[in-house]
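# Breakdown of the fold
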Amino acid sequence: SGLSQQVIIMATRIKYICRHQDEAYKLGLSLSFRQEIMKWNGWGYSDSRFLFNKKGQAEFTGKRYRLSGLILPSLKDWFEGTFGANLQHKSPATVSQVAVAPPNLNEPFIEDLKAAGVAASHDPEDRVFRAHGHCLHEIFALREGRIGRVPDMVVWPSCHSDVEKIVELACKHNVCLIPYGGGTSVSSALECPHEETRSIVSLDTSQMNRILWIDEKNLTAHVEAGIIGQDLERQLNEHGYCTGHEPDSMEFSSLGGWVATRASGMKKNIYGNIEDLVVHIKMVTPRGVIEKSCLGPRMSTGPDIHHFILGSEGTLGVVTEVTMKIRPIPEYQKYGSVVFPNFQQGVACLREVARQRCAPASIRLMDNEQFQFGHALKPQVSSIFTSFLDGLKKFYITKFKGFDPHHLCVATLLFEGDRGKVLQHEKQVYDIAAKFGGLAAGEDNGQRGYMLTFVIAYLRDLGMDYYVIGESFETSVPWDRVLDLCRNVKERIVRECKERGVQFPPLSTCRVTQTYDAGACVYFYFAFNYRGLSDPVHVYEQVEHAAREEILANGGSLSHHHGVGKLRKEWMKESVSGVGLGMLKSVKEYVDPQNIFGNRNLL
Amino acid sequence: MASRALYSPRHPVLKKRDDFEDVLEERRRSSDLRYALRCYTPTLYKGLVPCKVSMLKSIVLQSDHLQCVIKQVSSESGDSTECVAEEASLILDEMAHRMQLSTVRFFVFTLSKAFKRLFRSVCVNEEGIQRLQQAVQEHPVVLLPSHRSYMDFLMMSYLLYMFDLPLPVIAAGMDFMSMKFIGEMLRMSGAFFIRRSFGGDKLYWAVFSEYVKTMLRKGYAPIEFFLEGTRSRTCKSLTPKTGLLNIVMEPFFKGELFDVSLVPVSISYERVLEESLYARELLGVPKPKESTSGLLKARRVLSEDYGSMHVYFGHPVSVRSLAEGKIKRSQYNLLPRYIPQKPSVDTHEFLNDAAFRLVRIQEENMVLKPWVLIATLLLQNPDGMDLSSLTEQTDWLRHLALAFGAFLDWPDHEACSEVISCSLALHRRLLSVSAGHVQLSVTDAPQVETTPEEAVFQRAVVVLSCASYRNQILHVFLRPALLAVAMQSANSSRKDDIYNCFNFLRNMFSNEFILCPGDSVQDFEEACYLLMKRGVLQVLEHEIVMSASGQSTLAFLCSVLEPFLQGYQVVCRYLCEETNENLTEKEFIPAVRSFALKLILAGRLKCCEALSSDLQKNALAALLRLKAVRKVKVGDQVTLKVNKIAVNSLEDTMGKSDVISK
C-alpha cells in the first residue's frame, strides 16, 4: 500500500544507527523519523488535515481515515454558526519554522554517550519536536514561531540497557532527563522547566519498540515501552491477539506514556485501564532498576510498587519494558447508537447500565451540542435514497416521537465478543435504553461517533486557521453529581468567556465517555472565536482554570486520565492531601535525589 | 457585578438610585375587575421543570434527603418508617401552599380597591422590575423584602402579578393559620406556613428545608421570605436570621444549582398601618392573636390616609459571587448530598455576614419621607418647637441626611414649610399644633381621669410611635453618631482612644442596630469620612479634632443615640439593683418595665423609650453576649445570673451619672 511505500522511503532517511533492530517487528511508523510524516505545529499526520476548499466546502485530506478525501457539506455552516467565525477571516500559522537558542551541551556527557554507542542529536528540528505536547498554548506558540526552553539534545536508546547507561551517565554528569514517548501530552508535561540550568536531554523511547515475547499460555506479552499504540495492536493482531487498550491517542501515544500517566482506553469495560492491564513493569531510576520478581497476577506484598510508577509522569525514571495482558482478537464487533430525548435521560440510562454491570466494550453519551457537531461532520451522501432515509429518520425522531432537536442527545455503543453473546448483550442494553426513552439509531451513527474521536484533534488545527481556539479536558465524578457537574462547568465556561471579553458565545459541550460502578468519566470540549482579543491564549487558560475550579467544587477529580503534568500541579495538594503529597515527595527524594528526572511534573 | 455593589466601600453621595413610578395611577383609571382577569403570562426561568402543586408534594416526600431523615428518626424513636413517613406527609400538608391563579385574581381585585383607599400612591422603581425580569430568567430567585407591615407580602405578590413576573411562594409564620379563612386564602395565593419554633424537630426541619429547596431547584417559583424573621415593631431593621438563607443557598453550595439570585426589596410606608398597635405591643399590651374578625375590625383602618408607599427592588445579588473565595464548595464532596449536614463554622460566618449585608442593602434602599426628619427633631425636643424653628432645623437636617446618603423623598418644587405642614397633617394623630407651636402629644386618649401610670403609658405610645419613624433614618446617622458619642466619652482627641470608645459602643449596640460583624474599622473610617466631608471634624494622623462649626452637628448626633444609651443604662441599673437571685428570663421584661416606670414617675428618667420591650430585649442580648449576664437552666425555668461588677462597669463606660439623676 501507499503507506508501507512511504515507510520504506522514510526508512532510507534514518539519521541514526539503531542497534539491535529486529526487522520482523520493525515495519511500523514508530521510527525516529516519525517526525518526518507528522506536523511540527499541529496534530497528527502532515497529509491529513481539514480545510475549506475554494467552494467553501470543508474536506478532509489524505487517505488514512474513513473521512479522508470526503467533502463535509454542513461543516461550514456549523462552524460559522457556532463560533460566529467567517471564512474570510483567516489566522494561518505565521512561520514555517522556529528559531531556537543554541543548545547548552554537557560535553563530558556527550563524550561518554558516544563511547557507549547511544544515538543522539542536537539538530534544532529534533529538539523542537520534543519540546512540547499538544496543549493549546504549546501549539499556538509554535504556529506563531514562539517557543520557550527546548531540550538541548535528544537521545535514542534502543533497549533497556541503553537506558541504564544513559541514566547512569546523566547522574554522573548531572544532566536533566525528560523521557519522551509519543508526545501527545496535554498537561504541559513535556515543557522544559524555565528554571532548569543544567543541560536538558530528551530521552526518546521510540526505538525501543519491539514485542520481545508473547506467552500464549498465560496470555501475556512482554513489550518494550517505546512502542506506539497502533503498532502494538497491529503486531499483536498478526498473532491473533490484542491488548484492547485503545486510548483516543493510540495512533501516536506510547506504552511507556500510558504507564507514566495512568492512561485509560475506550474499551476499558472489557479490557481494563492500563493499571489493570500491566502484569510487570521495569523502570530505570537513578537508584537503579525497579521491578517485581515474578509474574504473579496479584500480590500482597505491601503497597503495590507499580502504583509508584503508574502516573509518575516521568519524574522517577524511564519505563523500559512492560509485561501486559493480551486477549484473542474478538470474533465479532458491532457498533450501535441510541437517541435520547435529553441528556438527563441519557445519563440515567448509562447509570442503569453501570448498575447492572452490562456496559458494552464502550458506551459514550454526547450532549446535544456534540450531537449537532457530529451531524456537521456527516460526509456528503452518495445517493438520493440515503438522504431520503436520513430525512425519514429525522422526521420519525423529531415529529413522530416528539424529541426536541435542541435537547436530544445520542449514545454511541461498541459491542465485542462472540457473535451470539454480542447480540444478546446488545438486546439487553437496548432494552434498558428503551426504559429511559432511548431509541436505537443505527450502527452508522455509532461508528461515526468513534471515528470522530480520531479526527477531532485535527479539527482544532482547522479552527486555529480561522480564529477559533479550543481544547478538551476531563474528569471523573460520582454518578449522582454527573448532571450537576456537566451543567455547572458548561455554564461556568460560558460565563467566564463573557466576563473576559470573548465576543461570541463559546462552544461548551461535554460527553460521558466511561462508566464505572461508582461514577463516570466526563469529557469537555471548549472552543471559542478569539477575534478582538489581544491575548487569546491567556483568556483560554483563565477560562480553563475556572472550569477546573468548578469541576473540583462539584465533586469531580483533578484528572481521570490526562494526568497532572505542570498544568494542574497547583491543585495536587488539595486533591491528595498534604500528607499524600509528602508521601509522593519522599519517594521522589529517595529515588531521584539529584532531580535527574527534572521535568517538574506532578509534585 | 452584584457582589461589587455589596462590598464596595460606600460613597453615599455618589449612590445612584432608580426613579419611581406610581402604579396606582393606572388602577385609578381603568377597571379593577378587568385588570384582575387579564391574561397573565409571567416571564419564566429558563431551567424551569414544569411541576404541579400535587407533584411537588410527592417529589419532596420521595426525596433522598427526606427518606434518609425518616429512616434516622424511625430508628431513633422506634416508630415504623411508614409511621414517620405519614407524619412527614402531615407536616407537609400543614405547610404547603396551594397556589391557584383564581385566588390570586381575587386578591388582585380586592387589593386594588384597598390600596387605592389606603394609599395616595404606591411607587415602584421600574428599573428594579426590569432587572428582576432578567434575573428571573437566568437563575432561581429569592425575594427578600423588608418587613414592617402585614401589607408587605400582599403588596409583593400584587406587584409581581402586575408586572407579569412569576408569583412567589412565601414563607409565612404559622400564626396566620389561626385565621381560618384568610389563612387558606393566603395559602391559595402562594403562602406556605412554618411553625415559629421547631428547634430540635429533625423531621420538621427536613420536610421544611426539602420543600423549599425542591421549589428552588425546579425553578418552581421565586421563594420569598423575610430575613428579619418577623415584622419589625420599631421600624428598625432586625438582626437577620440565617436559617432560611442557608436553605436557599445550599443548592448552590452543593452544586445543584449554578447560581441563585437574592433580591433585597425595601418596602417603606409613609404611615405604617400598625403604628400604634406596635407601640402598645412594645409597652406590653400583648399582641392580639391574628384572627379574621380582628382583621375585619381593622376596617376602620381603611378609612384613614396612609400617604404613599415605596417599594424598591434592589440589584440582584448572586450567591455565587457572594460566596466566591469564602465558601469552599468541595467541602461537600465527601458526603452524599442528601445526608443533612450542619453548616460548618466558615459557612455559618458567611451566612451571617451575607445576611447582615443584605439587610443593609434593604436599609439603604428604604425611602425616607420628610416626616422622618420631623419626627427625629420632635423627639429631641419633648417640650415642642416653634413651627419656624422646626422648619429651619428640618431643612438643616435634610441637608445633613442627604450628605450622609439618605434616600430622601422630598418634593422637589415645594417650599420647606409647605412640605412640613403636609407631613404634620398626615400624622396629626401624634401631634398637637397650636399657635405655631408643635408638640408630640396624646390626641387619641379619652379625656376621663387617668392614673399617673396610664398617663405615662399614653405618652409612651405617642413617643414610641414617633420613634418608629425616627428609627427609619437611624442607619443613616448611626456611624457618625457612634463616633460623636465616642468623642464625647473618650475625653481625648487621640484617634486610638476615640476608636476604642467607638468600638465599645458599636459592640454594645450590635443587637440594636445593623452593624456587620467585623466591619468595625470600616465603620469607623466611614464615620470619619462623612463628618470630615461635612466639615465637622478634622481627621489627622493620630488625632481627631472638632472644627468650630461642628458643634451643633455633633450635639444632634449625640442626641440621636441618647434614648438608646439611657435605655441600656436603665437595664444595667435594674440588674445591679435587683436583689432577686432567681430572676427568670420570663420575668425580666415586666420587671425592667416597672423599674423604668418607677424612675419616670419619680422624675428621675425622662426618656419613655426605656419602656420599650424591644430595647430591653436587645440590651439583655448584648449583656449576655458580653458575658455580663449568664443564662442558667433551673428545672424548666431559665434564670439570669448577673455579674454585677461587669454590668456596673459596662454602665460606667456608657457614661452613667449624667443620665439617670439620683
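Residues numbered from 1 in each chain as written. Chains lettered and ligands numbered in written order. Predicted model: local features only at pLDDT ≥ 70, side-chain atom pairs only at ≥ 80, totals over all residues. Heavy atoms only, no water.

### Let's talk about the overall build of chain A
What chain A contains, in helices and strands, is 19 helices and 21 strands. The C-alpha radius of gyration computed for chain A amounts to 24 Å, which stays within 12% of the reference 25 Å derived for 603 residues, consistent with globular compactness. Across the 603 residues of chain A, 58% fall into the buried class. Partitioning the contacts of chain A with sequence separation of at least 6, the portion at a separation of at least 24 is 77%. For chain A, the computed accessible surface area is about 24,700 Å², with 54% contributed by carbon and sulfur atoms. (Helix = DSSP H or I, 4+ residues; strand = E, 2+ residues; numbered from the N terminus. Rg over C-alpha atoms; globule rule 2.2 N^0.38 Å. Buried < 20%, exposed > 50% of the residue type's maximum accessible area, 1.4 Å probe, protein only. Contact = heavy atoms within 4.5 Å. Areas by Shrake-Rupley, 256 points an atom, 1.4 Å probe, with all protein chains shown as cover.)

### Focus on the overall build of chain B
What chain B contains, in helices and strands, is 28 helices and 16 strands. In terms of overall dimensions, chain B is globule-like: its C-alpha atoms have a radius of gyration of 26 Å, near the 26 Å expected for 662 residues. Each principal axis of the C-alpha atoms in chain B carries an extent, and together these give about 70 × 60 × 60 Å. By residue count, 57% of the 662 residues in chain B fall in the buried class.

### Observations concerning the side chain of threonine 242 of chain B
Residue and element names in this part refer to chain B. Relative to the helices and strands, threonine 242 resides in the loop between strand S6 (223-224) and helix H12 (243-253). Residue threonine 242 is classed as buried on the basis of its relative accessible area of 15%. For threonine 242, the contacting residues outside a window of four places in its chain are His348, Leu351, Asn352 and Ala355.

### Describing the sheet that holds strand S12 (residues 437-440) of chain B
Residue and element names in this part refer to chain B. Ordered in space as S10-S12-S11, the three strands form an open sheet in which the pairing is antiparallel. A single partner strand is all that each edge strand has here, and the edge strands are strand S10 (385-386) and strand S11 (431-434). Sheet topology places S10 next to S12; two bridges connect them, and they run antiparallel. Residue pairing across strands places aspartate 386 opposite histidine 437, the latter belonging to S12. (Pairing = 2+ DSSP bridges.)

### Concerning the UniProt feature "site: Important for enzyme activity" (unreviewed entry) in chain A
Residues and elements named next belong to chain A. Feature annotation in UniProt assigns "site: Important for enzyme activity" (unreviewed entry) to the following positions: Arg364. Checked against the element boundaries, arginine 364 lands in strand S16 (residues 362-366). Among the residues examined, arginine 364 registers a relative accessible area of 6% and is labelled buried. The residues touching arginine 364, leaving out its near neighbours within four places in the chain, are Asp248, Met266, Val410, Ala411, Thr412, Tyr450, Thr453, Arg511, Val512 and Thr513. Within the structure, the side chain of arginine 364 is placed 3.1 Å from the side chain of aspartate 248, a separation counted as a polar contact. (UniProt positions renumbered as here; feature names shortened; annotations may be inferred. Polar contact = N/O pair within 3.5 Å; in protein donor to acceptor, adjacent residues only side chain to side chain.)

### Let's talk about helix H3 (residues 107-116) of chain A
Residues and elements named next belong to chain A. Residues Phe109, Ile110 and Leu113 constitute the buried set of H3. Take H3 and look down its axis: the buried residues cluster within an arc of 95 degrees, on one side only. Opposite the buried face of H3, at more than 90 degrees from it, the exposed residues are Lys114 and Ala115. Immediately beyond the C-terminal end of H3, within one or two residues, lies glycine 117, with a positive phi of roughly 80 degrees. (Arc of directions from axis to C-beta.)

### Structural notes on the environment of valine 338 of chain A
Residues and elements named next belong to chain A. Structurally, valine 338 can be placed in strand S15 (residues 332-340). Each C-alpha atom, one on valine 338 and one on glycine 438, is 5.8 Å from the other, the two residues being 100 residues apart in sequence. Beyond its immediate sequence surroundings of up to four residues, valine 338 is in contact with Cys409, Val410, Ala411, Leu413, Tyr430, Ala433, Gly438, Leu439, Ala440 and Ala441.

### A look at the interface of chain A and chain B
With 14 residues of chain A at the interface, the matching set in chain B holds 15 residues. With both chains or domains summed, chain A and chain B bury close to 1,200 Å², and 31% of this area falls on carbon and sulfur atoms. It is Arg481, Arg495 and Ala553 of chain A in chain A that bury the most area against chain B; as a group they hold 39% of the surface buried on that side. Inspection of the region where chain A meets chain B yields seven salt bridges. Across the pair lysine 328 of chain B and glutamate 574 of chain A runs a salt bridge whose closest N-O atoms are separated by 3.8 Å. Inspection of the chain A/chain B interface yields 13 residue pairs in polar contact (both at pLDDT 80 or more). Elements supplying a minimum of two residues to the side of chain A that touches chain B: helix H17 (482-499) and helix H18 (536-553) of chain A. The element contributing the most residues to the side of chain A that touches chain B is H17 of chain A, with six residues. (Buried area = accessible area lost by both parts, 1.4 Å probe. Salt bridge = Lys/Arg side-chain N within 4 Å of Asp/Glu carboxyl O.)

### Side note on the state of the cysteines
Residue and element names in this part refer to chain A. This model, assessed by the stated rule, comprises zero disulfides over all chains. Left unpaired, cysteine 486 is separated from the closest cysteine sulfur, that of cysteine 510, by 3.6 Å. Lacking any disulfide linkage, cysteine 521 is separated from the closest cysteine sulfur, that of cysteine 486, by 10 Å. (Disulfide = S-S within 2.5 Å.)

### Regarding the packing of helix H22 (residues 474-490) of chain B against helix H25 (residues 551-577) of chain B
Residue and element names in this part refer to chain B. At a minimum axis separation of 8 Å, H22 and H25 run at an interaxial angle of 95 degrees. Our classification of the angle between H22 and H25 gives roughly perpendicular. Two secondary-structure elements touch here, H22 through Leu474, Phe477, Leu478, Pro480, Ala481, Leu482, Ala484, Val485, Met487 and Gln488 and H25 through Leu554, Phe556, Leu557, Cys558, Val560, Leu561, Phe564 and Leu565. When grouped by side-chain class, the residues that make up the contact of H22 with H25 number 17 nonpolar, one polar and no charged. (Axes fitted to C-alpha atoms, helices over the stretch in contact; angles between N-to-C directions. Parallel < 35°, antiparallel > 145°, perpendicular 65-115°, else oblique. Nonpolar A, V, L, I, M, F, W, Y, C, P; charged D, E, K, R; others polar.)

### So, a negative patch on the surface
Side chains of Glu499, Glu549 and Glu570 of chain A together with Glu324 of chain B sit close together on the surface and give a patch of like negative charge. Here glutamate 549 of chain A is to be found in helix H18. What makes glutamate 549 of chain A partly exposed here is its relative accessible area of 32%. (Patch = residues over 30% accessible without salt bridge, like charges linked within 9 Å, V, L, I, M, F, W, Y side chains within 5 Å. Lys, Arg positive; Asp, Glu negative; His and termini not counted. Charge placed at Lys NZ, Arg CZ, Asp CG, Glu CD.)

### Section: the UniProt feature "binding site: substrate" (unreviewed entry) in chain A
Residues and elements named next belong to chain A. Those places that UniProt annotates as "binding site: substrate" (unreviewed entry) correspond, in this numbering, to Arg460. Residue position: arginine 460 is located in helix H16 (residues 443-464). The contacts of arginine 460, once residues within four sequence positions are left out, are His134, Cys135, Leu136, Ile139, Val468, Gly470 and Glu471.

### As for the sheet that holds strand S1 (residues 50-52) of chain A
Residues and elements named next belong to chain A. Pairing is antiparallel across the open sheet formed by three strands, whose spatial order is S1-S2-S3. One side of each edge strand has no neighbouring strand; the edge strands of this open sheet are S1 and strand S3 (71-72). Against the sheet, H16 makes contact with S1 and strand S2 (58-60), and its axis sits at roughly 40 degrees relative to S1, the strand it touches most.

### Describing the confidence of the model for chain B
Residue and element names in this part refer to chain B. Here chain B averages 89 in pLDDT, while 93% of its residues score no lower than 70. Of the regions scoring below 50 in pLDDT, residues 1-14 engages in 25 contacts with residues more than four places distant in sequence or in other chains. Across the interface, the model reports ipTM at 0.89; the global pTM reads 0.91. (pLDDT = per-residue confidence, 0-100.)

### Things to note about the packing of aromatic side chains
The way to describe two aromatic rings as a pair is by their centre distance and the angle between their planes. Applying the stated criterion across every chain yields a total of 45 aromatic pairs over all chains. Both rings, one in tyrosine 35 of chain B and one in tyrosine 161 of chain B, keep their centres 6.0 Å apart while their planes meet at 85 degrees; by these two values the pair is edge-to-face. Taken together, the residues span a long stretch of sequence, with tyrosine 35 of chain B in helix H3 (residues 32-36) and tyrosine 161 of chain B in helix H9 (residues 151-162) at a distance of 126 residues. With a relative accessible area of 11%, tyrosine 35 of chain B lands in the buried category. On the basis of relative accessible area, tyrosine 161 of chain B is assigned to the buried category, the value being 0%. An aromatic cluster of at least three residues, connected via ring pairs, comprises Phe52, Trp78, Phe79, Phe83, Phe373 and Tyr466 of chain A. A cation sits over an aromatic face here: lysine 490 of chain A above phenylalanine 343 of chain A, 5.8 Å from the ring centre. The ring of phenylalanine 258 of chain B carries arginine 320 of chain B above its face, with NZ or CZ at 3.7 Å from the centroid. (Phe/Tyr/Trp six-rings, centres within 6.5 Å; stacked < 30°, edge-to-face > 60°. Lys NZ or Arg CZ within 6 Å of the ring centre and 35° of its normal.)

### Points about the pairing of strand S7 (residues 200-204) of chain A
With five of its five residues buried, S7 of chain A lies for the most part within the structure. Side chains Ile200, Ser202 and Asp204 of chain A project from S7 of chain A onto one buried face, and the interleaved Val201 and Leu203 of chain A project onto a second face that is buried too.

### A look at the nonpolar core
Core analysis: the biggest nonpolar cluster contains 228 residues, and Leu245 and Leu262 of chain B have the highest contact counts within it. Looking at which element gives the most residues to this core, the answer is H25 of chain B, with 15 residues. Apart from residues no more than four positions distant in its own chain, leucine 245 of chain B is found in contact with Phe225, Leu227, Leu262, Leu351, Ala354, Ala355 and Leu358 of chain B. Among the nonpolar cores identified, the runner-up in size contains 55 residues, and Cys349, Ile363, Val429 and Cys486 of chain A belong to it. (Core = buried A, V, L, I, M, F, W, Y, C linked by side-chain atoms within 4.5 Å.)

### Focus: the pairing of strand S2 (residues 121-125) of chain B
Strand residues, when the strand is regular, have side chains that alternate between the two faces of the sheet. All names here are of chain B. Here S2 lies mainly inside the structure; five of its five residues are buried. In this structure, S2 lies alongside strand S8 (residues 308-313), joined through four bridges in parallel fashion. Across the sheet, the residue bridging to serine 121 is serine 308, located in S8.

### A look at the confidence of the model for chain A
Looking at chain A, pLDDT values average 91 and 93% of them are 70 or higher. Segment residues 1-31 of chain A is flagged for pLDDT under 50; beyond a separation of four residues in sequence, or across chains, it makes 59 contacts in the model.

### With respect to unusual backbone geometry
For residues that are not glycine, phi is negative in most cases, and the peptide bond is trans in most cases. A positive phi is found at leucine 219 of chain A, a non-glycine position, where the angle reads about 55 degrees. Secondary-structure assignment places leucine 219 of chain A in the loop between strand S8 (211-215) and strand S9 (220-224). Unusually for a residue other than glycine, alanine 435 of chain B sits at a positive phi of about 50 degrees. In this structure, alanine 435 of chain B sits in the loop between S11 and S12. By relative accessible area, alanine 435 of chain B is classed as exposed at 84%.

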